[in-house]
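# Examining the three-dimensional arrangement
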Amino acid sequence: MIELLGRLHPLVLHLPIGILALAYILEVYARFSKDSIHKVQSVILLFSGISATVAILTGLLLIRSGDYSGALVNNHKWVAIALGVVTWTLYFLQLSSLKHTYHFMMVSSAVLLGVTGHLGGTITHGEDFLFKKSGPEVRPDIEAAVLYKDIIHPIFEDKCISCHNPSKLKGELDMSEVTALLMGGEDGKVILPENPLESPLWKHINLPLSDDEHMPPDGKDQLTQEDLELIHWWLKSGAKFDRLAKETEGFANYESQLEKYLAPPEVDIFAKVEQPDSSALLKLQSKGYSLYPTHNGSSAVYVNLSGKDDLTKRDIKAFYKIKQNVAHLNLANSGINNEMLNLLSKFKHIRKLELQNTSIGTEGLKKLKDFKYLEILNLYNTKVDSGAIDKLTHFPQLRTVYVGKTDMNPEQLDQLYHLLPRLEVIGDVGTDLFKDAALRSPVIEADSEIFQDSVEISLVLNFKDVDIKYIINDGDTVDYTGPFVIYETSEIKTLAQKEGWKSSEVNSKNFIKKGLDIANINLKNRPHERYSSFAKKVLIDEKVGSDLFSDGAWVGYEGEHASMVLELQEATEVSNVTVGVLEATGSYIFYPKAYEISISEDGKNFKKMVSQDYAIAKGPSQAGRKNMTFNFAPSKAKSIRLDIKSHLVNPEWHAAPGAKNWIFIDEIIIN
């Protein structure tokens, strides 16, 4: 009888809610009306008190039945009792003349009603019910998924754990953690490891819906046939909690069903992250920092601070303006320490972190706990020890960790592997593996890439004891000892060398001597609407565009050629034309197919001086710009016609073959 009365609680509890809501409405009405509602309000508050008391009593009986327990239930109980007391207080205050106290208690009752209702809803539907996302949560890819953690547990979380958690221990069963699930409930174990298909859990979820012992209870979200099949697969295969799905017997029969629980390989978080601010990138590069997109079209950025043994907090903070875009951070062989790791917490999207050959210790790893996208962590030759095992379990996406030449012994590495079976734990390897694959290239610095008479060039690399070499216009190799000056249009190439290290890649930059003044540009066909308003200005503003098409220095044409006539102040002898162009294949941008240059003294009769064709890129490449300089016999001209042909569409190898592509043009200089 007591149990029956307790089960009336879900029915009765709505009465005080509805009646109190009516009381609030009438109270607001009374504030703005001359009508007297005193007697009506007294009756409503009386019934509120009675219904609240009945709801509290039935709730206490329900708790006594043993189906509900835990901190959440206890909190709900005491807040509900407080609401009942306040409701009865309101009734008696309404009959008195203590209006200020009455109004205060009315507001208090509304707050308590909201809290009580929220706690009750949480008990019934789970803590994330209000803001729960619809549809299954995306899990790790199918190659790395653990059958229980990534597939079975989410089913329990969706259909069972709202009633079986530490806050609401229905039947004294907690299913939120593996250890608690294995302990079972008031009737004993629910999973029988020695004979999983005979487990009470499997029996209860397969009882008829009309059976009182059926789980989930009638009225709750039920397990689907697909859910039951997956749970049966897990139990039949031994109810293992650490086995990869792909290594479980029968995987091929369920692979198609797993797609709703698992993300496809190589899910790119940066697909939702905006492109980095181009001015911020340029500023960082101008300071000598090495950074570039991880691949064409992506908003993800690789930051290379390796080898910087004089690393400071300022160096790390310099990248805060692009903190959302940093995907790969290389701090190998640098001066990074445990204290400075605090600064890395801003880079929430890091997927690969290289700390090899640094002084980082186990305590420092605590400061990386929010790196939920971290996939690769290199701790080779650091000061981490066995205490790192627990820290490494906090990275949900971690797939590979390098721990060679640390204080972790083989037994501890084996322990780490068994704790995280999908983690690739790499111990001692060849000492050359984690040296930088190459030194960073020297940065070529100057006040401007376009100069009037001369320009001073500096080659900068913040790395000790390196040799910097350079050449000018494919001339002889020169050892860099300090800034040098050039007086003509030149291409500078440079690299760095150090004993025991692989030489850097060659870095190059073109410096162009300022040409003749261009009085006007007549665009024969307009660029894309995004660029048409400022096209004439940026083509001759003596500002060179970066590798980013969005930096405001480029003019773009989508799926069409570019044609223009440049007018000089007066007829002058000319002998070459330089055009800046860009390629970023991932963004559908390709170097032009052909260039034609014609000149005229009268602006009507043009003579073709240059006609040059180029093949389209044979595969993807990093974003890059270059200056195309075309020389021809010195000739007098006032008008120069420039026709730049596009390939118009992407090649067959491209991810979007046949789609319209772009050509981007920058500074045009005539000499």
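As a starting point, this report considers the structure included with it.

## Observations concerning the environment of Ser598
Examined against the element boundaries, Ser598 turns out to sit in strand S23 (residues 594-600). Between the C-alpha atoms of Ser598 and Arg641, which are 43 residues apart in sequence, the distance is 5.0 Å. In this structure Ser598 touches Phe606, Lys607, Lys608, Met609, Ser639, Ile640 and Arg641, once residues within four positions along its chain are discounted.

## Quick look at the sheet that holds strand S7 (residues 326-330)
The strand order across the open sheet formed by 7 strands is S5-S6-S7-S8-S9-S10-S11, and the pairing between neighbours is mixed. Of all strands in the sheet, those bounded by a partner on one side alone are strand S5 (290-293) and strand S11 (424-426). In this sheet, neighbouring strand axes are inclined to one another by 10 degrees on average, regardless of whether the strands run parallel or antiparallel. Relative to S7, strand S6 (residues 301-304) runs parallel, the two sharing 4 bridges. Looking at the pairing, Val303 lines up with Leu329 of S7.

## Observations concerning the pairing of strand S19 (residues 507-513)
Sheet topology places strand S13 (residues 450-451) next to S19; 2 bridges connect them, and they run parallel. For Ile450, the partnering residue across the bridge sits in S19 and is Ile512. With 5 bridges joining them, strand S18 (residues 490-497) and S19 adopt antiparallel strand pairing. Bridging across to S19, Thr494 finds its partner in Asn507.

## Some thoughts on the packing of helix H7 (residues 147-159) against helix H10 (residues 225-236)
The interhelical angle for the contact between H7 and H10, taken along N-to-C directions, is 135 degrees, at an axis separation of 11 Å. The angle between H7 and H10 falls in the class oblique. The crossing of H7 and H10 is left-handed. Contacts from Leu147, Tyr148, Ile151, Ile152, Ile155, Phe156 and Lys159 of H7 reach H10 at Asp227, Leu230, Ile231, Trp233 and Trp234. Within the contact of H7 with H10, the residues separate by chemical class into 10 nonpolar, no polar and 2 charged.

## Remarks on a nonpolar patch on the surface
A surface patch of nonpolar side chains, about 330 Å² in accessible area, is lined by Val43, Phe47, Ile50 and Val54. Take Phe47: it is sitting in helix H4 (residues 38-64). Of the residues examined, Phe47 reaches a relative accessible area of 47% and is grouped as partly exposed.

## What to know about the packing of aromatic side chains
Throughout the structure, instances matching the rule amount to 20 aromatic pairs. Between Tyr531 and Trp662 the ring centres are 6.1 Å apart and the planes differ by 80 degrees, which places this aromatic pair in the edge-to-face class. Remark: Trp662 occurs in strand S26 (residues 662-670) and Tyr531 occurs in the loop between strand S20 (518-523) and helix H17 (535-538); sequence separation between them is 131 residues. The same class applies to Tyr531 as to Trp662, namely buried. Members of the aromatic cluster, joined through ring pairs, are Tyr531, Phe534, Phe549, Trp662 and Phe664. For the cation-ring pair, Lys626 lies above Tyr591, with the distance from its terminal atom to the ring centre recorded as 4.2 Å.

## Quick notes on the sheet that holds strand S12 (residues 443-445)
Sheets are built from strands paired through backbone hydrogen bonds, the pairs being either parallel or antiparallel. Strand order in the open sheet formed by 3 strands is S12-S14-S17, with antiparallel pairing between adjacent strands. Here the strands that pair on one side only, and so sit at the sheet edges, are S12 and strand S17 (484-486). Each strand of the sheet is rotated relative to its neighbour by a mean of 35 degrees, with strand direction disregarded.

## Description of the pattern of salt bridges
Evaluation of the coordinates by the stated rule reveals 17 salt bridges. Here Lys509 and Glu449 are joined by a salt bridge, their closest N and O atoms 3.9 Å apart. One end of the pair, Lys509, is in strand S19; the other, Glu449, is in the loop between S12 and S13, and 60 residues separate them in sequence. Residue classification places Lys509 among the partly exposed residues on the basis of a relative accessible area of 25%. Ionic pairing is found between Asp517 and Lys514, a salt bridge with its closest N-O pair at 3.0 Å.

Rules used in this analysis
- Residues numbered from 1 in each chain as written.
- Predicted model: local features only at pLDDT ≥ 70, side-chain atom pairs only at ≥ 80, totals over all residues.
- Heavy atoms only, no water.
- Helix = DSSP H or I, 4+ residues; strand = E, 2+ residues; numbered from the N terminus.
- Contact = heavy atoms within 4.5 Å.
- Pairing = 2+ DSSP bridges.
- Axes fitted to C-alpha atoms, helices over the stretch in contact; angles between N-to-C directions.
- Parallel < 35°, antiparallel > 145°, perpendicular 65-115°, else oblique.
- Left-handed = near helix turned anticlockwise from the far one by under 90°.
- Nonpolar A, V, L, I, M, F, W, Y, C, P; charged D, E, K, R; others polar.
- Patch = residues over 30% accessible without salt bridge, like charges linked within 9 Å, V, L, I, M, F, W, Y side chains within 5 Å.
- Areas by Shrake-Rupley, 256 points an atom, 1.4 Å probe, with all protein chains shown as cover.
- Salt bridge = Lys/Arg side-chain N within 4 Å of Asp/Glu carboxyl O.
- Buried < 20%, exposed > 50% of the residue type's maximum accessible area, 1.4 Å probe, protein only.
- Phe/Tyr/Trp six-rings, centres within 6.5 Å; stacked < 30°, edge-to-face > 60°.
- Lys NZ or Arg CZ within 6 Å of the ring centre and 35° of its normal.

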